Each structure stands twice: as C-alpha cells, then as structure tokens.
Amino acid sequence: MQESVAFPRGIWTLLACVPVACTAPFVHASPWLTARLFESFARSEWESMLDLREAAARTPSAERAARYLAHAADEVRHTRMFAKRAEELGHIAQDLGGRIPYGDPSRVEARVAPTGLGQREEVDFLAFVHHGEARALAQLETRIAILDAAGDPRSAALCRRVAEDERNHATYTWELLVDLAGGPSAARRALLRAQAGEVVPLWRAAGGTLTAPLFSLLAIALYFVAGPFAALSLAGRREPEALPPQ
Ligand SMILES: [Fe+2]
Ligand SMILES: [Fe+2]
C-alpha cells in the first residue's frame, strides 16, 4: 500500500505528470528511447548531486551539511543505476560503462562560492530541491505503471527503488524547509517562489519553440485568406481605355 507523504502535493507537481502520462507509453515501447531517457536521468541525478555538495560546503549548519551529503550520495547511486540500465538497454554512450560517467565530484568544492549560505538563500535552495524531489517522485510513480504495462519489469523495479529515495528526499527537505523558514506557511511561500521561478524559463522555452511554427501557420493562413481577395481584385480590374487619337 502507498505510504502517506508528509509534505504537500501541489497542483504544479501533479501537472508535471501530464507530459509523462502522454509520452511514456510511446517512449517505453522502445528500448532505445527508454535507454536515451534513462541516460538523461543519470545526468540530471548527477547535476543534483553537484548542487547538494555545493550546499553542504556552504551551509553554516553541520547537521544540514551531513543531510545534504547523504542525499548527494543517494543521487550518485541513482546516476549509476540509470546509467547502467541505459547501457543494458543498448544505449552506448561514450562515458557510460559502470564508472562515474560525468567527472570528478570533488571539483564542486573547488568552485564553491566563498560566502556561506544566508538563511533566505538556504530556504530558497531547500524549496527548490524539495519541489524537484516531489515532482520527480510523482513522475516516477506515473512512469512505473507505464513500464509495468510495457513489459519492462527491470526498469519498473529501478524506478521503484529510486522513487523510494525521492520520497525520503522530499520528506526531509520539507522538514528542514519548515524548520528553517519558520513554519509551514513560510515554507509554502518559499515553495511557491520556487515553482514561480520555474514558470518563466518554461514560458520562454515554450515561446522559443513555438514562435517559428506559429509564424509559419499564420503565414499559410494569411495566404489562403488573402488569395481569394487578390483573385477578386484582379477580376474586377479593368484595362485602361485607350486614349482617343489627337
Ligand atoms: Fe535521485
Ligand atoms: Fe533525489
């Protein structure tokens, strides 16, 4: 039975499942596409690990630093799991192969900002991470059912194991967020800021993607609308009468 979660599941998180529900049946019908997707997941897990190690190096709290480092270790494990499954499914990427694929994590500490995390900055960081974890959990739960239906139990089992960790990550980041922000209301406000911060880049990305096709559609529509008017105009135009001889 699904265990109850100790953090709010907002509409924005649930909406993020819609594209997964629409695309995953097609993606998981193909091992090659599944492998490509898992390889991109491996990279995302790696990026999360880098952010967490940076936060661990900057937070003034030794206790929170320990939580961030434990979380970062989970994300490294997820990187390996997704990369390994991608390889099993036949996606041969240059830097996969059972080893840590994307570089040396110790370089994170070398590029850490010299200033520590301020309270507001760490609240925003926790809200950002919590939102990402809650969304990843909801999307994985959607994907697991589709992988089961697609007859890929190994990938479904992998997603189940990762989802269990993401549930723990979403839970502890919510607890830290409530604590550091000063209560559930302040935590929700920080979460809304994190979600709003996601809308603008999404809007820009959608605009960048849709502008060219929309312009083409408008041009085609204009061609069909203007065509009959041009024909009518040509039909109604009379040749100028010849001037009488002088
Ligand atoms: Fe993860
Ligand atoms: Fe996570």
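Only a predicted model underlies this, so the values are computations on that prediction, with no experimental measurement involved.

**Student:** Whenever I open this one, the overall build of the protein chain confuses me. Can you help?
**Tutor:** Counting its secondary structure elements, the protein chain contains 8 helices and 0 strands. Ordered by position from the N terminus, the helices and strands of the protein chain form the series α-α-α-α-α-α-α-α. Across the 246 residues that make up the protein chain, the buried fraction comes to 30%. Of the contacts formed within the protein chain by residues at least 6 apart in sequence, a portion of 76% connects residues at least 24 apart.

**Student:** Would you mind going over the environment of Ser40 with me for this structure?
**Tutor:** Note that Ser40 resides in helix α3 (residues 31–58). In sequence terms Ser40 and Thr79 are 39 residues apart; their C-alpha atoms lie 9.6 Å from each other.

**Student:** Explanation requested: the confidence of the model for the protein chain in the structure shown.
**Tutor:** Close inspection of predicted coordinates is inappropriate for parts of the model with low pLDDT. Of all residues in the protein chain, 70% have pLDDT values of 70 or greater, and the mean over the chain is 82. Looking across the protein chain, the model is least confident in helix α5 (residues 107–110), with a mean pLDDT of 61, and most confident in helix α7 (residues 153–181), with 97.

**Student:** I'm lost on the environment of Leu15 in this one. Help?
**Tutor:** Inspection of the secondary structure puts Leu15 in helix α1 (residues 11–15). Owing to 11 C-beta atoms within 10 Å, Leu15 belongs among the exposed residues under this scheme. Taking the C-alpha atoms as reference, Leu15 lies 9.2 Å from Arg135; in sequence the two are 120 residues apart.

**Student:** Can you help me understand the packing of α3 against helix α4 (residues 62–88) in this one?
**Tutor:** The geometry of a pair of packed helices is captured by two quantities: the angle between their axes and the separation between those axes. Relative to each other, α3 and α4 sit at 165°, their axes nearing to 8 Å. As the angle between them shows, α3 and α4 are arranged roughly antiparallel. Between α3 and α4 the crossing geometry is left-handed. Tallied by class, the residues present in the contact of α3 with α4 amount to 17 nonpolar, 4 polar and 5 charged.

**Student:** Which parts of the structure should I look at to understand the nonpolar core?
**Tutor:** With 48 residues, the main nonpolar core has Leu126, Ala127, Leu177 and Ala190 as its most contacted residues. Listed by contribution, the elements that provide at least two residues to this core are α3, α4, α6 (119–149), α7 and α8 (184–236). Aside from chain neighbours lying at most four places away, what touches Ala190 is Val123, Asp124, Ala127, Leu177 and Ala181.

**Student:** What's the story with the packing of helix α2 (residues 17–27) against α6 in this structure? I'm lost.
**Tutor:** Packing of α2 against α6 leaves a shortest axis separation of 9 Å and a crossing angle of 25°. Between α2 and α6, the interaxial angle falls into the category roughly parallel. As α2 runs across α6, the sense of the crossing is right-handed. Contacts between α2 and α6 involve Cys17, Val20, Ala21, Ala24 and Pro25 from the former and Ala138, Gln139, Thr142, Arg143 and Ile146 from the latter. Residue classes in the contact of α2 with α6 are distributed as 7 nonpolar, 2 polar and 1 charged.

**Student:** Would you take a moment to explain the environment of Ala196 for this structure?
**Tutor:** Inspection of the secondary structure assignment puts Ala196 in helix α8. Given 10 C-beta atoms within a 10 Å radius, Ala196 is considered exposed. Taking C-alpha positions, Ala196 is 9.7 Å from Trp12, a pair spaced 184 residues apart along the chain.

Cut-off values and rules
Residues numbered from 1 in each chain as written. Chains lettered and ligands numbered in written order. Predicted model: local features only at pLDDT ≥ 70, side-chain atom pairs only at ≥ 80, totals over all residues. Helix = DSSP H or I, 4+ residues; strand = E, 2+ residues; numbered from the N terminus. Buried ≥ 20, exposed ≤ 12 C-beta atoms within 10 Å, placed from the backbone. Contact = placed C-beta atoms within 7 Å. pLDDT = per-residue confidence, 0-100. Axes fitted to C-alpha atoms, helices over the stretch in contact; angles between N-to-C directions. Parallel < 35°, antiparallel > 145°, perpendicular 65-115°, else oblique. Left-handed = near helix turned anticlockwise from the far one by under 90°. Nonpolar A, V, L, I, M, F, W, Y, C, P; charged D, E, K, R; others polar. Core = buried A, V, L, I, M, F, W, Y, C linked by C-beta atoms within 7 Å.

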